[in-house]
Amino acid sequence: MKNTWKAYRSPIILLLAIIAGSIIGSTMGKDAAVLKPFGDLFLNVMFMIVVPLVFFSISSSVASMAGTKRFGKIISSMMIVFLFTGTVAAIISMTGIKIFPPSEGVKIDLVKPDSTGEEVSIGDQLVSTVTVPDFVDLLSRANMLALILFSVLLGLATSKVGEKAKPLANFLSAGSEVTLQMVKYVMYYAPIGLGAYFAALVGEFGPTLLGSYFKAVLFYYPFSIIYFFGFFTLYAFMAHGKLGIRVFWKNMLSPSVTSLATCSSAASIPVNLEATKKMGVPYDISETTIPLGATLHKDGSVIGGVLKITFLFGIFGMDFSGINTYLLVGGVALLVGMVMGAIPQGGLIAEMLILSLFGFPPEALPIIAAISAIIDPPATLLNATGDNVASMMTARLVEGKNWLLKKTGSLTEQKGA
């Protein structure tokens, strides 16, 4: 019971703070605006930290990829699997939200993202999105994609140089740990900041927003169950037919329980490694895909990212249609799933990324932060356990279609494959 409370303490406290703020806002009405500066303080501090946090976490993660056995083939196969399952998660979640939009009919009078101005070609838009003309421009959250690209390139170069770049790799790793610790400090104030902000929001716009959160829960929880049983079964079949399905589900109880109990992808790594060993995944493949998957492979967060983005689309009265919009939302959701830290409540970083890339105002952060707290348990379940089936699919690409039979050497099991 004590361990369960420790795992769920942060989302529960945040939810209680949001509920308390909503009650205060309903009671005080527009007078609750006096509490808004307490919420603004939290938002500004988080936005202040996000640039160094993204830089250090991504560059250090990429730099640490060197030194694994069969590094090139395993990493490339792993990334193909991660992108494939993430793309599937984005597509089916966008389809589900088109059918069941959680924020339909809710409007909040906040500043909308700019959609006016001169027509810009796709090429120019791409260039301006992923690059900046000067290094100093990277130090702004408005250019987050360019910062991510720079961080990846720096990490790859550090990894390639090897021993001579060891001091830089250590610096990047230390920077990642320090900035994550800074976020933990700021999160002590999060219940006050988010509670105060929700009091001001509900006081000004009424409690209609809260009904949309209930619809978001009705969408995400059943959808995550369908994805967990339906699509993980499909992925296991792709890894090694019927035998893959049997081996996968036979060893999934402990990883599933652990992810729900700890609410952390990082805490699930040891159990996942033990499960993939029993599944017959080669050691060097599991030792690569499971730890990296805890940071880079988060189907639950991809689905949550689509939900948050489209939720804001509905709140701001923006049109969620057209191939360009679908590609942009899906791409950003994939990015959200890859940049989130493997820690509880790491979604705040992804939410700031969403705001930066789509131009939503800072005031939108508490709105989608509440969604993170609500969907955290099933999202973690999909994030953590999805690494196991991803390691099986990676083994299929690296070892060939009979990788599991090579491991077991069982001719009788081959009949069931």
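The rules behind the values
Residues numbered from 1 in each chain as written. Predicted model: local features only at pLDDT ≥ 70, side-chain atom pairs only at ≥ 80, totals over all residues. Heavy atoms only, no water. Phe/Tyr/Trp six-rings, centres within 6.5 Å; stacked < 30°, edge-to-face > 60°. Helix = DSSP H or I, 4+ residues; strand = E, 2+ residues; numbered from the N terminus. Buried < 20%, exposed > 50% of the residue type's maximum accessible area, 1.4 Å probe, protein only. UniProt positions renumbered as here; feature names shortened; annotations may be inferred. 1 Å grid on protein atoms, 1.4 Å probe; cavity = no way out; pocket = protein on both sides within 12 Å on 5 of 7 lines; lining within 4 Å. Points joined across faces, edges and corners; volume = space filled by probe spheres on them. Nonpolar A, V, L, I, M, F, W, Y, C, P; charged D, E, K, R; others polar. Contact = heavy atoms within 4.5 Å. Axes fitted to C-alpha atoms, helices over the stretch in contact; angles between N-to-C directions. Parallel < 35°, antiparallel > 145°, perpendicular 65-115°, else oblique. Left-handed = near helix turned anticlockwise from the far one by under 90°.

## A short note on the packing of aromatic side chains
In this structure the tally under the stated criterion is 23 aromatic pairs. Summarising the aromatic geometry, the rings of Phe84 and Tyr235 are spaced 6.1 Å apart at their centres and angled 65 degrees between planes, so their arrangement reads as edge-to-face. Pair noted here: Phe84 is in helix H3 (residues 71-99) and Tyr235 is in helix H8 (residues 208-250), with a separation of 151 residues, a long-range link. Residue class for Phe84 comes out partly exposed when judged on its relative accessible area of 35%. A residue is classified by how much of its surface remains accessible, and Tyr235, at 1% relative accessible area, is buried. Ring geometry for Phe232 and Phe248: centres 6.3 Å apart, planes at 90 degrees, overall edge-to-face. Assigned by exposure class, Phe232 and Phe248 land together as buried. Taken together, the ring pairs connect Phe84, Tyr227, Phe228, Phe229, Phe231, Phe232, Tyr235, Phe248 and Trp249 into an aromatic cluster.

## Things to note about the UniProt feature "transmembrane region" (unreviewed entry) in the chain
Per the UniProt record, the feature "transmembrane region" (unreviewed entry) sits at residues 12-29, 41-66, 78-100, 138-157, 186-206, 218-238, 323-343 and 355-375. Counted over residues 12-29, helix gives 94% and strand 0%. Its end C-alpha atoms are 25 Å apart.

## Here we look at empty space enclosed by the protein
Applying the stated rule across the entire model yields two cavities of 30 Å³ or more. Reported here for the second largest cavity is a volume of approximately 60 Å³. Phe82, Leu83, Gly86, Leu296, His297, Lys298, Asp299, Val302, Leu334, Gly337 and Met338 together form the lining of the second largest cavity. Every element with two or more residues in the lining of the second largest cavity is listed here: H3, helix H12 (299-315) and helix H13 (323-339). Partitioning the lining of the second largest cavity into residue classes produces six nonpolar, three polar and two charged.

## Considerations on the environment of Ala364
Along the chain, Ala364 turns up in the loop between helix H14 (347-358) and helix H15 (365-399). A relative accessible area of 0% places Ala364 in the buried class. Each C-alpha atom of the pair Ala364 and Ile315 lies 9.4 Å from the other, and the pair is 49 residues apart in sequence. Those residues within four positions of Ala364 in sequence are excluded, and the remaining contacts are Leu312, Phe316 and Leu355.

## Comments concerning the packing of H12 against H15
Direction vectors running N to C along H12 and H15 enclose 155 degrees, while the axes themselves pass 8 Å from each other. Between H12 and H15, the angle falls in the class roughly antiparallel. Regarding H12 and H15, the two cross each other, and that crossing is right-handed. Contacts from Asp299, Gly300, Ser301, Ile303, Gly304, Leu307, Lys308, Phe311 and Leu312 in H12 reach Ile367, Ile368, Ile371, Ser372, Ile375, Ala379, Leu382 and Asn383 in H15. A class-by-class count of the residues in the contact of H12 with H15 yields ten nonpolar, five polar and two charged.

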